Amino acid sequence: MDKIHHIAIQVQDISKSVEWYKNNFDVKVSYQDETWAMIDFENTSLALVKPEDHPFHFAIENEEAENYGELTKHRDGTASVYIHDIDGNNVEMLKLNHNE
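Right, let's walk through the structure included here. (Residues numbered from 1 in each chain as written. Predicted model: local features only at pLDDT ≥ 70, side-chain atom pairs only at ≥ 80, totals over all residues. Heavy atoms only, no water.)

**A look at the nonpolar core**
Okay, step 1: Of all hydrophobic cores here, the largest spans 9 residues; its members are Val 11, Ile 14, Val 18, Tyr 21, Val 27, Ala 37, Ile 39, Leu 46 and Leu 48.
Okay, step 2: Breaking this core down by element, the ones donating at least two residues are α1 (14-24), β3 (36-40) and β4 (45-49).
Okay, step 3: If we ignore the near neighbours within four places in the chain, the residues touching Leu 48 are Ile 9, Val 11, Ile 14, Ser 17, Val 18, Tyr 21, Thr 35, Trp 36, Ala 37 and Ile 39.
Okay, step 4: Counting 7 residues, the second-largest nonpolar core is a separate cluster that includes Ile 60, Ala 79, Val 91 and Met 93. (Core = buried A, V, L, I, M, F, W, Y, C linked by side-chain atoms within 4.5 Å. Buried < 20%, exposed > 50% of the residue type's maximum accessible area, 1.4 Å probe, protein only. Helix = DSSP H or I, 4+ residues; strand = E, 2+ residues; numbered from the N terminus. Contact = heavy atoms within 4.5 Å.)

Quick look at the structure:
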């Protein structure tokens, strides 16, 4: 069974949004910089992204993500490709341990 890794929402200010989530929910911030942040809930993660950098999307962990297209390497060791479902929603196919 596939697993949803995270859901990404667009925010105007990463720092302000991180503080809002920390103040309103029991979460852990696993990554934050000026362009994006990853907030971990017990059952999934929420990515806060800037509109000019990333689309709204959800990410699915998949060991064969390269079957969906050419993967883009990320600084955290993962790699992914964006695809669209039949209704045009953005789906990020994410390979966690990308060593190539």
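Moving on from the coordinates now.
**A word on the sheet that holds strand β8 (residues 90-95)**
Okay, step 1: Reading across from one edge, β2-β3-β4-β1-β5-β8-β7-β6 is the order of the 8 strands in this open sheet, with mixed pairing throughout. The open sheet has two edge strands, β2 (28-32) and β6 (72-73), and neither has a second partner.
Okay, step 2: In terms of strand pairing, β2 meets β3 through 4 bridges, oriented antiparallel. Looking at the pairing, Gln 32 lines up with Ala 37 of β3.
Okay, step 3: Sitting on the sheet, α1 is in contact with β1 (3-10), β2, β3 and β4, with an inclination near 155 degrees to β4. (Pairing = 2+ DSSP bridges. Axes fitted to C-alpha atoms, helices over the stretch in contact; angles between N-to-C directions.)

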